[in-house]
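Fold and contact review
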Amino acid sequence: MNAALPMEVLKQHLIDPEICIRCNTCEETCPIDAITHDSNNYVVDPDICNGCMACVPPCPTGSIDNWRLVVRSDAYSVQDQLSWDELPREQPLPAAAAIVDEAANAVVEPVSSAGVAAMPSATPGASVPPWSAAHPYVNLYTHKTPVTATVVGNYRVTGADTDSDIHHIVLDFGELPFPVLEGQSIGILPPGTDAQGRPHHARQYSLASPRDGERAGYNNLSLTVKRVTEDHQGQSVNGVCSNYLCDLAKNDTVQVIGPFGHTFLMPNHPRANLIMICTGTGSAPMRAMTERYRRRIETGENGRLMLFFGARTERELPYFGPLMKLPRDFIDINLALSREAGQPKRYVQDLIRERAAAVRELLADRNTCIYVCGLKGMEVGVLDALREVTVQAGQDWTILHDVLRREGRLHFETY
Ligand code: A2P
């Protein structure tokens, strides 16, 4: 007599429609086009998704990280998911079900519906905050319940004669609560619809101001926004949200959602050191953290600050003037300029190598956290440079990298 075949169980990847901000990050990230959307929801096609996890770390809200064990033949279809207002509850599985490892496409273990195994991480950075980070509030305002903020400032922070049109934009929330921490981001809902008539999806921006406001004690925050006029391939495009934001006038109002982010947060204990590595508008969280330290400079609580900042030229480096006015014994500034006339091309990773001894000294201190924000392309370069400075000293980078990730001391936010 033939034994009954076990029912094939799928660890189905789902997106929580109540939390998702429709920012399109997951759809852009998915290497195999398993994610799609309509004007209602972003959804994962169970026939395409292979559980590679590439979309999970970049999701600003965590709404992407939802999984249900289902019998494969009963998987929720794309059409089902597009109609949802909330995720379905976990259903008990039939007794004879067996789980399928999607990557290997093989039955690996019999399961109960008690839970889903931990998924592997696809990020070179930590998925936990530093141990002493303050508690972040997230998802207080969603695309269904956005908050209205008023523009109280909008000015250019790069040289007027350059192609890099980067703005510092200050938003005020009036009486409405909008608690934030350095390293968090918000979503902006640009008005209007896309070519298919769907409302524009939200765009995410990191805060450039510290937790107590752009102006200390005020219920406001700031963003660093680059006017997008070309894509990564140099083709001419008009960024929907960046142009909208850069053109805002004082007293205009903006629809905001968030805040987002619970890992790219600064340590909150005395004498914590920060190594900050950024390019262009990736300087926003570094400005927020630096300003947090600057405001308590007299208290004696601060550890050391070391900044590696990449830009084409000094005039295209946002906040160049205010940055250079900071005291040298407060922050160790290293500018990597790639297109400054008469100077060799430099990237942040070149300067990390040049400052190997100082970087190593900070890396050896368990009170040091590292933050990397800016162009996706620098991730590999920065990791290679950190590996090199570690190995030069006869240390094992694999072990140190693992410790930094486990202890929430190495964070990436790249785009
Ligand atoms: P480049 O002159 O080669 O474009 P942007 O102005 O486009 O936002 O870029 C900010 C800075 O980051 C520029 O100096 C740019 O140099 C530099 N950059 C570009 N690619 C990388 C990379 N892979 N690693 C580090 N820096 C990079």
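Reading guide: rules and limits
Per chain, residues are indexed from 1 in the order of the written sequence. Per-residue local features are limited, in this predicted model, to residues with pLDDT of at least 70; the limit for side-chain atom pairs, both in listing and counting, is 80 or more; totals at the level of whole chains, interfaces and linings are taken over all residues. Values reported for side chains reflect all heavy atoms of the structure, with hydrogen atoms and water molecules removed beforehand. For helices the rule is a DSSP run of H or I covering at least 4 residues; for strands it is a run of E covering at least 2, with both sets numbered from the N terminus onward. Expected span, for any helix, means 1.5 Å times one less than how many residues it has. Between buried and exposed lies partly exposed: a residue is buried under 20% and exposed over 50% of the maximum accessible area for its type, with that area taken using a 1.4 Å probe on protein chains only. Should any heavy atoms of two residues lie within 4.5 Å, those residues are counted as being in contact. For each residue, the test is whether any non-hydrogen atom lies within 4 Å of the molecule or strand; if one does, the residue is near. Distance and chemistry together define a polar contact, namely a pair of N or O atoms within 3.5 Å, with one atom able to donate a hydrogen and the other to accept it when in protein, and with adjacent residues in sequence counting only for side-chain atoms on both sides. A 1.4 Å probe and the Shrake-Rupley method give the accessible areas. Residues count as covered only by the protein chains that appear here. All residues other than Ala, Val, Leu, Ile, Met, Phe, Trp, Tyr, Cys, Pro, Asp, Glu, Lys and Arg, Gly among them, are scored as polar; the first ten of these are nonpolar and the last four charged. Salt-bridge detection follows one rule: a side-chain nitrogen of Lys or Arg within 4 Å of a carboxyl oxygen of Asp or Glu. At least two bridges found by DSSP between two strands are what make those strands a pair. In this analysis, axes come from line fits to C-alpha atoms, helices being fitted only over the stretch in contact, and the angle between any two N-to-C directions falls in the range 0 to 180 degrees. In plain words, nonpolar cores are sets of buried Ala, Val, Leu, Ile, Met, Phe, Trp, Tyr and Cys residues tied together by side-chain atoms within 4.5 Å. Ring pairs shown here join Phe, Tyr and Trp side chains whose ring centres sit within 6.5 Å, with only the six-membered ring taken for Trp; geometry is labelled stacked below 30 degrees between planes, edge-to-face above 60, and tilted in between.

Take helix α8 (residues 378-392) next. For α8, built from 15 residues, the straight-helix expectation of 21 Å at 1.5 Å per residue is met to within 8% by its first-to-last C-alpha distance of 21 Å. All of the buried residues along α8 are M378, E379, G381, V382, L383, A385, L386, V389 and T390. Taken together, the buried residues of α8 touch β13 (273-279), α6 (348-354), α7 (356-363), β16 (368-374), α9 (397-406) and β17 (410-414).

Turning next to the site of the ligand. Around the ligand sit 13 residues in total, of which R312, S338, R339, K345 and Y347 are the nearest. At 2.9 Å, a side-chain N or O of R312 approaches an oxygen atom of the ligand. Taking 550 Å² as the accessible area of the ligand by itself, protein coverage stands at 81%. A breakdown of the residues in the shell around the ligand according to their chemical character gives four nonpolar, five polar and four charged.

All chains considered together, the criterion is met by 21 salt bridges. Several salt bridges share partner residues, and in doing so they unite R156, D165, R227 and D247 into one network.

It is worth spelling out the sheet that holds strand β9 (residues 185-189) at this point. Read across the sheet, six strands follow the order β10-β9-β12-β7-β8-β11 without closing on themselves; strand pairing throughout is antiparallel. The two strands at the open ends of the sheet, each matched to only one other strand, are β10 (203-206) and β11 (220-226). Across the sheet, the axes of successive neighbouring strands diverge by a mean angle of 40°, strand direction being ignored. One ladder, built from four bridges, connects β9 with strand β12 (residues 253-260); its direction is antiparallel. Residue G187 lies in a different strand from β12, and its bridge partner there is I257.

The next point concerns the nonpolar core. The biggest cluster of nonpolar side chains holds 26 residues, and the ones touching the most others in it are I277, F308, I352, V359, I370 and V382. Only β13, β14 (305-311), α6, α7, β16, α8, α9 and β17 provide two or more residues apiece to this core. Discounting chain neighbours no more than four positions away, the residues touching F308 are I275, M276, I277, C278, N334, V348, L351, I352, R355 and V359. If you look at the next biggest cluster of nonpolar residues, it comprises 23 residues, including M266, M276, C369 and Y371.

Another point: the packing of aromatic side chains. By convention here, two paired aromatic rings are described through the distance between centres and the angle between planes. For the coordinates displayed, the defined rule picks out four aromatic pairs. With a centroid separation of 5.6 Å and an interplanar angle of 10°, the aromatic rings of Y141 and F178 are classed as stacked. Taken together, the residues Y141 in the loop between β6 (106-110) and β7 (147-156) and F178 in the loop between β8 (166-172) and β9 connect sequence positions 37 residues apart. Residue Y141 shares its accessibility class with F178, and that shared class is buried. On the basis of an interplanar angle of 15° and a centroid distance of 4.3 Å, the ring pair of F173 and F178 is categorised as stacked. Each member of the aromatic cluster is reached from another via a ring pair, and the members are Y141, F173 and F178.

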